[in-house]
Amino acid sequence: MAADYIFSFGPWNISEGNDPFGPTVRPTVTWADKLKVFKRLGFDALMFHDDDIVPQIEEKSWPQIEREAWEMKRAIEGEGLVTEVTAPRLWEDARTVDGAFTSNDPKNRQWAIDRAKRCIDISNVMDCGIVVLWLAREGTYVREAKRAIDAHTWLLEAVNAMLAHDPKIRIAIEPKPNEPMDHAYIPTIGHAIALGERSSDPKRVGGLIETAHSLLAGLDPSDDMAFALAFKKLWSVHLNDQNGLKYDQDKSFGAANLRVAWNQVRVLEEANYPASGGMVAFDVKAMRTQKAEVATKHLENSRRIFLHLLEKVRTWDRRLEEQYVAARDYEGLEMAVLEHLMGVGRK
Ligand code: XLS
Ligand code: MG
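Residues numbered from 1 in each chain as written. Chains lettered and ligands numbered in written order. Predicted model: local features only at pLDDT ≥ 70, side-chain atom pairs only at ≥ 80, totals over all residues. Heavy atoms only, no water.

Trainee: If you had to explain the overall build of the protein to someone new, which residues and values would you point to?
Mentor: Across its full length, the protein carries 12 helices and 10 strands. In summary, the protein has a C-alpha radius of gyration of 20 Å against a globular reference of 20 Å for 347 residues, a match within 12%. Seen through its principal axes, the protein has C-alpha atoms that stretch 65 × 45 × 40 Å. With 347 residues in all, the protein has 53% of them scored as buried. Long-range contacts, defined here as pairs at least 24 residues apart, represent 75% of the contacts in the protein between residues at least 6 apart. Surface exposure of the protein reaches about 16,300 Å², of which carbon and sulfur atoms provide 54%. For the protein, the separation between the mean place of its 45 positive charges and that of its 53 negative charges on side chains is 2 Å. (Helix = DSSP H or I, 4+ residues; strand = E, 2+ residues; numbered from the N terminus. Rg over C-alpha atoms; globule rule 2.2 N^0.38 Å. Buried < 20%, exposed > 50% of the residue type's maximum accessible area, 1.4 Å probe, protein only. Contact = heavy atoms within 4.5 Å. Areas by Shrake-Rupley, 256 points an atom, 1.4 Å probe, with all protein chains shown as cover. Lys, Arg positive; Asp, Glu negative; His and termini not counted. Charge placed at Lys NZ, Arg CZ, Asp CG, Glu CD.)

Structure below.
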């Protein structure tokens, strides 16, 4: 029996509902109130940006940052929660307007590396061994604006600087093919793992796969996960959904592609993913139309859909699957899967 799954989400997954075309529609939920939601919804872990733990981090000295990180650690422990991953926020500061690790300005590249190192220090206070790199602004709007060969060398240098900063920290690269960039560097898990293999300590560089990011790259999230799992490089997942190639929707898990969601749960279960220490984060956003009193249903629904699909995976007739595979009758196999998912057909 696979170990039980531990679920997490981040403070940004409870939001006021603003989007690029409209202002907030819900009142801000205070951090103290957000903290109480996790256990109530069946979550046992959080994912944090560095400045979720220490707001206005750029204005603070390390002793103050360390003090605030300890305060946060005590606060989440008081709620029975652990930190799943941390992530340096390398996409809002003015110094990252032209990229962070791949900025054309070497001073900004250095700032980004220093910020990532600080995130590692904060992660150690939070007793969290994984720092996630979502390379949001590493890419171009205009190809000719950067020398892409140099950019990839700088990305490797940044990863190596992080590995040199701490002997134990592990780095999970979260690939995404675009948005906010027109084209992002390291767009797929293949690029991420290849970069890790060239690093100074490949066993400490792995990946985080987000459903929507695989779909935006025209790939299947479960196959991306299988690729990383095969090489023991899947260290976190951001489960959500995406309804076609458009802006990153961060829809509830399974909300647009139930069969694609089933196969993500199926491959995680096949690999006994929780036994490796991997947790399941839902990087999801409430619809802007949700009223405040129901603005956490995207988190609740995602976890419930995951558990429904886990039950479907665990009750799936593997012998029947083997028979169809042996007969190379994949139409029959597909119908059996669909009827199983719909709860109809053979008993
Ligand atoms: C993008 C990233 C982002 C988090 C982690 O999907 O996961 O949502 O901020 O850096
Ligand atoms: Mg994500």
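Now that the structure has been shown, we can carry on.
Trainee: Kindly report on the coordination of the magnesium ion (ligand 2), identifying the contributing residues and their values.
Mentor: Of the protein atoms, only E174 (OE), E210 (OE), H238 (ND1) and D283 (OD) coordinate the magnesium ion (ligand 2), at distances of 1.8 to 2.3 Å. Every donor counted, the six donor atoms about the magnesium ion (ligand 2) form angles of 76 to 170° at the centre, which fits octahedral coordination. Within one chain, the residues donating to the magnesium ion (ligand 2) are spaced in sequence as E-x35-E-x27-H-x44-D. Separated by 28 residues along the polypeptide, E210 in strand β8 (residues 205-210) and H238 in strand β9 (residues 234-239) bring together distant segments of the chain. Residues E210 and H238 agree in their burial class; the two are buried. (Donors = N, O, S within 2.8 Å, 3.2 Å for Na, K, Ca; no water. Tetrahedral: all angles 85-135°; square planar, octahedral: opposite > 155°, others 65-115°.)

Trainee: Please set out the site of ligand 1 residue by residue, giving values where relevant.
Mentor: Taken together, W12, H49, A87, W91, W134, E174, E210, H213, H238 and D283 make up the full set of residues adjacent to ligand 1. E210 places a side-chain nitrogen or oxygen 2.9 Å from an oxygen atom of ligand 1. H213 places a polar side-chain atom, nitrogen or oxygen, 3.3 Å from an oxygen atom of ligand 1. Its free accessible area being 280 Å², ligand 1 has 92% of it covered by the protein chains. Looking at the shell around ligand 1 residue by residue, the classes come out as four nonpolar, three polar and three charged. (Near = heavy atom within 4 Å. Polar contact = N/O pair within 3.5 Å; in protein donor to acceptor, adjacent residues only side chain to side chain. Nonpolar A, V, L, I, M, F, W, Y, C, P; charged D, E, K, R; others polar.)

Trainee: Explain the nonpolar core to me, using residue names and the numbers behind them.
Mentor: By size, the foremost hydrophobic cluster in this structure holds 81 residues, and its most contacted members are F101 and F306. No other element matches helix α4 (residues 106-125), which puts eight residues into this core. Leaving out residues up to four positions away in the same chain, F306 has contacts with Y5, F7, L239, F253, V265, L268, V280 and F282. Core analysis: the next-biggest nonpolar cluster, separate from the first, contains nine residues, M47, I130, V132 and A172 among them. (Core = buried A, V, L, I, M, F, W, Y, C linked by side-chain atoms within 4.5 Å.)

Trainee: Talk me through the pairing of β8; I want residue IDs and the actual numbers.
Mentor: Extensive coverage of β8 is indicated by the burial of six of its six residues. As paired strands, strand β6 (residues 170-174) and β8 are joined by three bridges and run parallel to one another. Along β8, the bridge assignment pairs I171 with V205. When β8 meets β9, the two strands line up parallel, connected through four bridges. Along β9, the bridge assignment pairs I209 with V237. (Pairing = 2+ DSSP bridges.)

Trainee: Describe a nonpolar patch on the surface, listing the residues and the values that go with them.
Mentor: On the surface, M335, L338, M342 and V344 cluster together into a nonpolar patch covering about 350 Å² of accessible area. Position of M342 among the secondary structure elements: in helix α12 (residues 330-342). Classification of M342 as exposed rests on a relative accessible area of 57%. (Patch = residues over 30% accessible without salt bridge, like charges linked within 9 Å, V, L, I, M, F, W, Y side chains within 5 Å. Salt bridge = Lys/Arg side-chain N within 4 Å of Asp/Glu carboxyl O.)

Trainee: Outline the pattern of salt bridges, supporting the account with residue identities and numerical values.
Mentor: Per the stated rule, a full pass over the model turns up 29 salt bridges. Here R89 ties to D51 by a salt bridge, and the two come within 2.8 Å at their closest N and O atoms. Here D51 lies in helix α2 (residues 50-53) and R89 lies in the loop between β3 (82-87) and α4, a separation of 38 residues in the sequence. The exposure classification of R89 matches that of D51, with both residues buried. Salt-bridge contacts for K203 lead to D201; the nearest nitrogen and oxygen are separated by 2.8 Å. Residue classification places D201 among the buried positions, given a relative accessible area of 15%. Put simply, D50, D51, D52, E58, R89, E92, D93, R95 and R115 are held in one network by salt bridges that share partners.

Trainee: I'd like to hear about the packing of aromatic side chains, residue by residue, with values.
Mentor: Applying the stated criterion to the full structure yields 14 aromatic pairs. Taken together through their ring pairs, the aromatic side chains of Y5, F7, F9, F38, F43, F253, F282 and F306 make up a single cluster. Above the plane of the ring of W154 lies R109, whose end atom (NZ or CZ) is 3.6 Å from the centre. Its end group placed over the ring of W235, R170 keeps NZ or CZ at 4.5 Å from the ring centre. (Phe/Tyr/Trp six-rings, centres within 6.5 Å; stacked < 30°, edge-to-face > 60°. Lys NZ or Arg CZ within 6 Å of the ring centre and 35° of its normal.)

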